[in-house]
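# Structural features, examined
Here is what each chain is made of, one letter per residue.
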Amino acid sequence: MANKLLYPRNSATRRVVSMDGMWNFKFDYKQEGEAKDWKNGLKDPIKIPVPASFNDFFVDKDSREYAGDVWYETKLYVPSEWKDMDLDIRFDAATHFATVYVNGVEVAQHKGGFLPFNANINEVVKFDAENTVVVKINNELSRQTLPIGQTITLENGKKMVKPYFDFFNYAGLQRSVRFVATPKESIVDFTVNHHLDGEDARVDYLVETTGESQVYVTVYDEDGIEVASAKGKEGTILVKNARLWNVLDAYLYTFKFEIKDGDRLIDEYKQEIGIRTVEVKGTKIYINNKPVYLKGFGKHEDSDVVGRGFNIGIMKRDFELMKWIGANSFRTSHYPYSEEIYQMADREGFIIIDETPAVGLFESLMNFLDASKGSEVKFFDNPEVHKETLDHHLQVIRDLITRDKNYASVCMWSLLNEPDSTTDSSVSYFEALFDLAHELDVQKRPRTFANIMMAPPGVCKCSHLCDVISLNRYYGWYTKGGYEMSDAENGFRKELDEWAKYDKPVIFTEYGADTYSGEHKLPSVMWSEEYQVDYLDMQHSVFDSYDFVVGEQVWNFADFQTTEGIMRVNGNKKGIFTRNRQPKLAAYKLKQRWESLPIGFKG
Ligand code: BDP
C-alpha cells in the first residue's frame, strides 16, 4: 500500500482542519526533554508561528544557530462526529527528523525534512476533548541525512551544524500541519499517465483504495462540464478533443474519484490534472510532441524572517516575477518544495525539474566551499553511504514520486545535486536511484542530476545514466573571472565540445555570478551589477552556439541565506532579484533575451 501522501482536501466525505498558527515551543539546550517527559506537554514554553523556520525570529545567535532538538506543542480538538473515520495529523514537512506524540504517546517518527507524512491518531485520540500534540524536531546533519553535513560540538559545549551545502540549514515546522479525517474505506492514491491520439487524449489511471467497493472516475473541464468517465480501480479514460496542458498555456481538468456502494458515497477526492506528455528524443526535450527550450532559474524556498517557511505571498510574487521576465521553468533546488508551489506551477504552465534533497554528497571535512575545491573526493567510497544514506535516498525518491507524479508541471526528476560522480564507487549508488525512479514513474519522465564542474566528460562516471544532462557551471565566476573572461569562454567551449559526444540534451541547471545589489561600476568589476550582465552575455553566446543545449536556468532566482563565511556576504548574492524580490540590472537583460526566444528555440 502506498504511503498516504495525497494533498489534504475537503470533500463530501473528508474533513481537513488547519493546525497552523501560534504553537508552544522550546529549545532543548540541556537535552532534558526526553527525561522530563516533554512529550506530555511543555512547561514555560515560548510561542512560535507554524509554518516557519524557527531560526530568524530571534535576536540572539544561539537561537538562530541552534543545533539539536526543539519541541513544538499545540492542542487539537476532535469532535465525536468523526469517531468512525481514520484520523491523521498530516505534516507537509518537518525538518529534518520528527517524533510526534499525541496525549503523551508516540504516534509517528519521520526522517527527512522536505516531504509529507501522517501521524495516525486513531488509537490515542480523545473525542470531544482537547488532545495534546507534541512534536520533537531535530535539525542535526550527518552523512546519513539528506542534505548532508556534519554536527560538531564547540569547546563551550554547544552544538553546531556544518552543512556541506550552500544554503542556511533552516529547520522546524516549515510547512502546514493539518488534521485530516478520512472514511475508513478511502482513496489512498491515484496515478495518471497520458497518451495523445490525434485530437484526443487517453488517460490511463490507477486508483488505490483501502477496500473493495466500486471506484468511479469523472472528468470535468474548466467550465465544470463532464467530459469523460470510467468505472473500476484501473482503466483508460478517453478525453475527446482534449485541451492539453502547454507551457505557459495551462489547462486543467478536474478529476473526481469516488468510491460508492450502490448509490451510497463512501469517499470522494478531486484534483486538477493537466494532460500532457514529456519525452526525450535525440538531443531535444518534447512536451506534447513539440520541442521545448527551458528558460528560468534554480530557486530556493527562502525569504526574510520566516526563512524556509512556506510563504504564500512570496510564492505569488515569485510567479509574477518569473512571468514578467519571460521564464518558463525552474528547478526545486535543492529539495522538494511545498506542494502549493507545484499546484501554482500547474496552473501557470511552468515546467518543474523536481529535485531530491540529495545535496552535499562530496567528502569534505570542512564545508561546502572545501567540497567545491575538490580537495577530497571519496564520498561514495564510504561503505555506510551505500547502506543508510542510500536507503534513505531511495525512500525519498519513493515519497517524492508518490507526492508529485500527477503534477503536469513536473517534467523531470533531478536525483542529486553536485555529487561526487567521479569515482567507480559512485556508479552502483547512482544506478539504484535511476532504476528506482524509472520503475516508479509510470510517465517515465526524464531523469537527471546536476553535474558539478569537477566532473567534466571523461571524468564523470555517471552521466550516461541521465536522460538529460544537467550542468552547473561557473566559467567566468569561480574560474577565470573578471578580465580573464575570454579564457573562461574558451575553456567553456572546449568542455561543451566534449559533451556533444554524448548525443543527449544538455541543460544548464546553474550558471551565475555573485552580485551585490546597488554596486555599480563601468567598466564592470566582479560583484557589480554590470558584471552580472557581462557574465550572462558570455554564457548565452556560448549556449547559442550549441544546438544540443536546450535549457538555461540561472543561479539563482533571488539572493538567499547561507551559512556565514568569507565567500558569502550575509548570504549568496547570485540572485537576479534581491532577497526581497526586486530586480537587479541583469533582470532587464534576461527579460529581453527570454522574451525573444521562442518556446521551440533550436527545435
Ligand atoms: C553550486 C551549488 C549551489 C551553490 C552555487 C554557488 O549547487 O547550491 O549555491 O554553486 O556557489 O555549487 O553559488
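Read on for an overview of the structure. Please read these numbers as outputs of a predicted model, since none were measured by experiment. (Residues numbered from 1 in each chain as written. Predicted model: local features only at pLDDT ≥ 70, side-chain atom pairs only at ≥ 80, totals over all residues. Heavy atoms only, no water.)

## Re the overall build of the protein chain
Within the protein chain, the regular secondary structure consists of 9 helices and 30 strands. Computed over the C-alpha atoms, the radius of gyration of the protein chain is 24 Å, within 12% of the 25 Å expected from 2.2 N^0.38 for a compact globule of 603 residues. Along the longest, intermediate and shortest principal axes, the C-alpha atoms of the protein chain span 70 × 70 × 45 Å. Each of the 603 residues in the protein chain was classed as buried or not, and the buried ones make up 62%. In the protein chain, of all internal contacts separated by at least 6 residues, the share reaching a separation of at least 24 is 71%. Entry remark: accessible area of the protein chain is about 22,900 Å², with carbon and sulfur atoms responsible for 50%. (Helix = DSSP H or I, 4+ residues; strand = E, 2+ residues; numbered from the N terminus. Rg over C-alpha atoms; globule rule 2.2 N^0.38 Å. Buried < 20%, exposed > 50% of the residue type's maximum accessible area, 1.4 Å probe, protein only. Contact = heavy atoms within 4.5 Å. Areas by Shrake-Rupley, 256 points an atom, 1.4 Å probe, with all protein chains shown as cover.)

## Some points on the site of the ligand
What surrounds the ligand is a group of 14 residues, the closest being Asp166, His334, Glu418, Tyr478 and Lys574. In the environment of the ligand, an oxygen atom lies 2.5 Å from a nitrogen or oxygen atom belonging to the side chain of Asp166. Contact distances for the ligand include 2.4 Å between an oxygen atom and a side-chain N or O atom of Tyr478. Relative to its unbound accessible surface of 320 Å², the ligand loses 96% to contact with the protein. Classifying every residue of the shell around the ligand by side-chain character gives 5 nonpolar, 4 polar and 5 charged. (Near = heavy atom within 4 Å. Polar contact = N/O pair within 3.5 Å; in protein donor to acceptor, adjacent residues only side chain to side chain. Nonpolar A, V, L, I, M, F, W, Y, C, P; charged D, E, K, R; others polar.)

## Some details on the sheet that holds strand 13 (residues 187–197)
Read from one edge of the open sheet, 3 strands run 13-14-17, paired in antiparallel fashion. Each edge of the open sheet is held by one strand with a lone partner, namely strand 13 and strand 17 (234–239). Each neighbouring strand pair of the sheet contributes to a mean axis angle of 25°, computed without reference to strand direction. Across 6 bridges, the pairing between strand 14 (residues 200–209) and strand 17 is antiparallel. (Pairing = 2+ DSSP bridges. Axes fitted to C-alpha atoms, helices over the stretch in contact; angles between N-to-C directions.)

## Describing the pattern of salt bridges
Overall, the coordinates contain 49 salt bridges when judged by the stated rule. Across the pair Lys240 and Asp200 runs a salt bridge whose closest N-O atoms are separated by 3.6 Å. Separated by 40 residues along the polypeptide, Lys240 in the loop between strand 17 and strand 18 (253–261) and Asp200 in strand 14 bring together distant segments of the chain. Residue classification places Lys240 among the exposed positions, given a relative accessible area of 55%. In this structure Asp200 comes out as buried when scored by relative accessible area, which is 17%. We note a salt bridge from Arg579 to Asp302, for which the minimum N-O separation is 2.7 Å. Placement of Arg579 in the loop between strand 30 (549–555) and helix 9 (585–596) and of Asp302 in the loop between strand 23 (294–298) and helix 2 (312–325) is noted, with a sequence separation of 277 residues between them. By relative accessible area, Arg579 is classed as buried at 15%. Several salt bridges share partner residues, and in doing so they unite Arg90, Asp92, Arg178, Glu339 and Glu340 into one network. (Salt bridge = Lys/Arg side-chain N within 4 Å of Asp/Glu carboxyl O.)

## Side note on the pairing of strand 12 (residues 177–182)
In terms of residue burial, strand 12 counts as a mostly covered element, since 6 of its 6 residues are buried. Of the two faces of strand 12, the one holding Val177, Phe179 and Ala181 and the one holding Arg178, Val180 and Thr182 are both buried throughout. Judged from the 4 bridges that link them, strand 1 (residues 15–18) and strand 12 form a sheet pairing that is antiparallel. Across the sheet, residue Val16 finds its bridge partner in strand 12, namely Val180. As judged from the 6 bridges shared by strand 5 (residues 86–91) and strand 12, these two strands associate in the antiparallel manner. The residue of strand 12 that forms the bridge with Arg90 is Arg178.

## Observations concerning the sheet that holds strand 18
A sheet is described by the order of its strands in space; here 4 strands give the open sequence 16-15-18-19, paired in antiparallel fashion. With one partner strand each, in any of the chains shown, strand 16 (226–231) and strand 19 (264–273) form the two edges of the open sheet. The sheet shows a mean angle of 20° between the axes of neighbouring strands, taken without regard to direction. Pairing of strand 15 (residues 214–220) with strand 16, which is carried by 5 bridges, proceeds in the antiparallel orientation. Within strand 16, the position partnered with Tyr216 by the bridge is Lys231.

## Let's talk about the environment of Gly603
Along the polypeptide, Gly603 turns up in the segment after helix 9. Taking relative accessible area as the criterion, Gly603 reaches 67% and is therefore assigned exposed. Separated by 319 residues in the primary sequence, Gly603 and Lys284 have C-alpha atoms spaced 7.1 Å apart.

## Overview of the packing of helix 2 against helix 3 (residues 339–348)
Contact pair helix 2 / helix 3: the axes reach a minimum separation of 11 Å and the direction vectors enclose 35°. Of the two elements, helix 2 crosses helix 3, and the hand of that crossing is right-handed. Touching Met315, Lys316, Phe319 and Lys323 of helix 2 are Glu340, Ile341, Met344, Ala345 and Glu348, all from helix 3. Its residues assigned to classes, the contact of helix 2 with helix 3 comprises 5 nonpolar, no polar and 4 charged. (Left-handed = near helix turned anticlockwise from the far one by under 90°.)

## Some thoughts on the packing of aromatic side chains
Under the defined criterion, the tally for this structure stands at 50 aromatic pairs. Ring geometry for Phe168 against Tyr170: centres 4.7 Å apart, planes inclined by 55°, an arrangement best described as tilted. Exposure remark for Phe168: the relative accessible area of 5% places this residue in the buried category. Considering the side-chain rings of Tyr335 and Tyr337, the 5.4 Å spacing of their centres and the 45° angle between planes classify their relative orientation as tilted. When its relative accessible area of 0% is taken as the criterion, Tyr335 is described as buried. On the accessibility criterion, Tyr337 (1% relative accessible area) is buried. Through a chain of ring-to-ring contacts, the aromatic side chains of Trp23, Phe25, Phe27, Tyr29, Phe54, Phe58, Tyr66 and Tyr72 assemble into a single cluster. (Phe/Tyr/Trp six-rings, centres within 6.5 Å; stacked < 30°, edge-to-face > 60°.)

## Topic: the nonpolar core
One finds Phe297, Leu496 and Ile576 to be the most contacted residues of the largest nonpolar core, which totals 110 residues. In this structure, this core is formed jointly by two domains, domain 1 (15–182) and domain 3 (287–596), each of which donates at least three residues. Counting 35 residues, the second-largest nonpolar core is a separate cluster that includes Val50, Ala94, Ile121 and Leu173. (Core = buried A, V, L, I, M, F, W, Y, C linked by side-chain atoms within 4.5 Å. Domains from an automatic or database assignment.)

## Observations concerning helix 9
When helix 9 is considered as a whole, its buried residues turn out to be Ala586, Ala587, Leu590, Lys591, Arg593 and Trp594. Where the residues of helix 9 are buried, they touch strand 23, helix 2, helix 8 (529–544) and strand 30.

## Considering the side chain of Thr448
Locating Thr448 in the fold gives a position in strand 27 (residues 447–451). Residues contacting Thr448, with those up to four places away along its chain left out, are Ile353, Met412, Trp413, Ser414, Leu415, Leu416, Phe434, Cys466, Val468, Ile469 and Ser470.

## Things to note about the pairing of strand 20 (residues 278–281)
Pairing of strand 20 with strand 21 (residues 284–287) involves 4 bridges; the strand directions are antiparallel. Counterpart to Lys281 in the pairing with strand 21 is Lys284. Counted along the chain from strand 20 to the antiparallel partner strand 21, the turn is 2 residues long, and its residue Gly282 has a positive phi close to 60°.

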